[in-house]
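Breakdown of the fold
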Amino acid sequence: MVRLAGSFYLYVNFSGIHAIATLKYHADQVVSGVVINMLATSSTFFLVKMIFAGSAETPIITHVLKKIRIPILSDLPFVGKVLFNAYPTTYLAFLLVGLLFFIFFRTPLGLRLRVIGENPSAAATAGVNVMKIKYISVLLSGSIAALGGATIVLTSNSNFAFNTISGQGYIALAAVIFGRWHPVGVMAGALFFGLAQAIKDQFQIFDFAAAIPNEFFYMLPYLLTLIVLLIAGGKTKAPSALGEHYDVGKR
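Residues numbered from 1 in each chain as written. Predicted model: local features only at pLDDT ≥ 70, side-chain atom pairs only at ≥ 80, totals over all residues. Heavy atoms only, no water.

With that settled, consider the overall build of the protein. A count of helical and extended segments in the protein gives ten helices and two strands. Written out in order from the N terminus, the α and β elements of the protein read α-α-β-α-β-α-α-α-α-α-α-α. Taken over the C-alpha trace, the protein has a radius of gyration of 20 Å; the compact-globule value for 251 residues is 18 Å, and the two agree within 12%. Principal axes of the C-alpha set define a box for the protein whose edges measure 65 × 50 × 40 Å. Expressed as a percentage of contacts within the protein between residues at least 6 apart in sequence, the contacts between residues at least 24 apart total 56%. (Helix = DSSP H or I, 4+ residues; strand = E, 2+ residues; numbered from the N terminus. Rg over C-alpha atoms; globule rule 2.2 N^0.38 Å. Contact = heavy atoms within 4.5 Å.)

This is the structure we're talking about:
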């Protein structure tokens, strides 16, 4: 739990840097995101080496999250073992999708968020504090990213090393584009890319896989990500104000 809290605190701070750089100083969002991503990767690796006497990874965590089996539902064909015999964070992710759907489409706050994404000036005219909501949204996105990274450490990996988070954040961005910025669509995109990751692991056990370089299987999830973006990216309409700097004096 201490490691989880530390990861949460670190990513909230990084998202705070991103918020200040892009919202206050109007830095390019893509450039700021890439630079902060590189900073986060390098700084966490440096901290691991400094704290653990030069080791490139943390010790194995003994108290990790265990899978929770839901009776009856876990016995369903195909989907039972996939969806109902999972880590607690998996169930939490599904609950978050439902919560975000409710917030976005059933509450005044969700309406404000969607209007700010399309036309922040119109939201400001209606009396909405656009900058406040933008800052809070960026900080919350950083906290959710922290939960995602901590989940990998506390479930499948059991420790942290330089390559523990190998590009999953970029795949998450692809899932957002694939899901057209809709909570349920993003969940479907995440499940698709998770399936690609699982296929990579399963293919390696077959005899024919011995003739295929291991690098191909590690490349497969990212290759599928690129293919999906090429097919679906051009047909996806992003929020109109995405990536644009908000000028408080502009109406």
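After that view, the rundown keeps rolling.
It is worth spelling out the pattern of salt bridges at this point. With the rule as written, the count across this model stands at one salt bridge. Among the salt bridges present, the one from D75 reaches R69, with a minimum N-O distance of 3.1 Å. The exposure class assigned to D75 is exposed, which follows from its relative accessible area of 54%. (Salt bridge = Lys/Arg side-chain N within 4 Å of Asp/Glu carboxyl O. Buried < 20%, exposed > 50% of the residue type's maximum accessible area, 1.4 Å probe, protein only.)

Once that is clear, we can look at the packing of aromatic side chains. This structure, assessed with the given rule, holds five aromatic pairs. Ring centres of F178 and F192 lie 6.0 Å apart, and the angle between their planes is 20 degrees; on these two criteria the pair is classed as stacked. Of this pair, F178 sits in helix α8 (residues 168-178) while F192 is found in helix α9 (residues 183-203), placing the two residues 14 residues apart along the sequence. You can call F178 partly exposed: its relative accessible area is 30%. For the ring pair F178 and F193, a centre distance of 6.3 Å and an interplane angle of 65 degrees mean the geometry is edge-to-face. One end of the pair, F178, is in helix α8; the other, F193, is in helix α9, with 15 residues separating them in the sequence. In this structure an aromatic cluster arises from ring pairing among F101, F104 and F105. (Phe/Tyr/Trp six-rings, centres within 6.5 Å; stacked < 30°, edge-to-face > 60°.)

The next point concerns the packing of helix α4 (residues 88-106) against helix α5 (residues 108-118). α5 packs onto α4 with a crossing angle of 75 degrees between their chain directions and a minimal axis gap of 5 Å. In this view, α4 runs roughly perpendicular relative to α5, as classed from their interaxial angle. Within the contact between the two elements, α4 uses I103, F104 and F105 and α5 uses L109, G110, L111, L113 and R114. Considering only residue class, the contact of α4 with α5 consists of six nonpolar, one polar and one charged. (Axes fitted to C-alpha atoms, helices over the stretch in contact; angles between N-to-C directions. Parallel < 35°, antiparallel > 145°, perpendicular 65-115°, else oblique. Nonpolar A, V, L, I, M, F, W, Y, C, P; charged D, E, K, R; others polar.)

The next subject is the nonpolar core. Residues A19, L23, I116, A123, A124, V128, V130, M131, I133, V138 and Y246 constitute the largest nonpolar core, which totals eleven residues. Mapped by element, the contributors of at least two residues to this core are α1 (2-24), α6 (120-125) and α7 (130-157). Among the elements that take part in this core, α7 stands out by supplying four residues, more than any other. If you look at the next biggest cluster of nonpolar residues, it comprises six residues, including V48, I61, L154 and F160. (Core = buried A, V, L, I, M, F, W, Y, C linked by side-chain atoms within 4.5 Å.)

A contiguous nonpolar surface patch, about 570 Å² in accessible area, is contributed by F216, M219, L223, I227, L230 and I231. You can see L223 is positioned in helix α10 (residues 214-232). L223 sits in the partly exposed class, given a relative accessible area of 34%. (Patch = residues over 30% accessible without salt bridge, like charges linked within 9 Å, V, L, I, M, F, W, Y side chains within 5 Å. Areas by Shrake-Rupley, 256 points an atom, 1.4 Å probe, with all protein chains shown as cover.)

Moving on, we get to the environment of N129. Assignment of secondary structure puts N129 in the loop between α6 and α7. In this structure the C-alpha to C-alpha distance between N129 and R112, which are 17 residues apart in sequence, comes to 9.5 Å. Of the polar contacts made by the side chain of N129, one reaches the backbone nitrogen of K132; its length is 3.1 Å. (Polar contact = N/O pair within 3.5 Å; in protein donor to acceptor, adjacent residues only side chain to side chain.)

Looking at where N159 falls in the secondary structure, it is placed in the loop between α7 and α8. N159 sits in the buried class, given a relative accessible area of 9%. There is a polar contact of 3.4 Å between the side chain of N159 and the backbone oxygen of T58. If sequence neighbours within four positions are ignored, N159 has contacts with E57, T58, P59, I60, V153 and T164.

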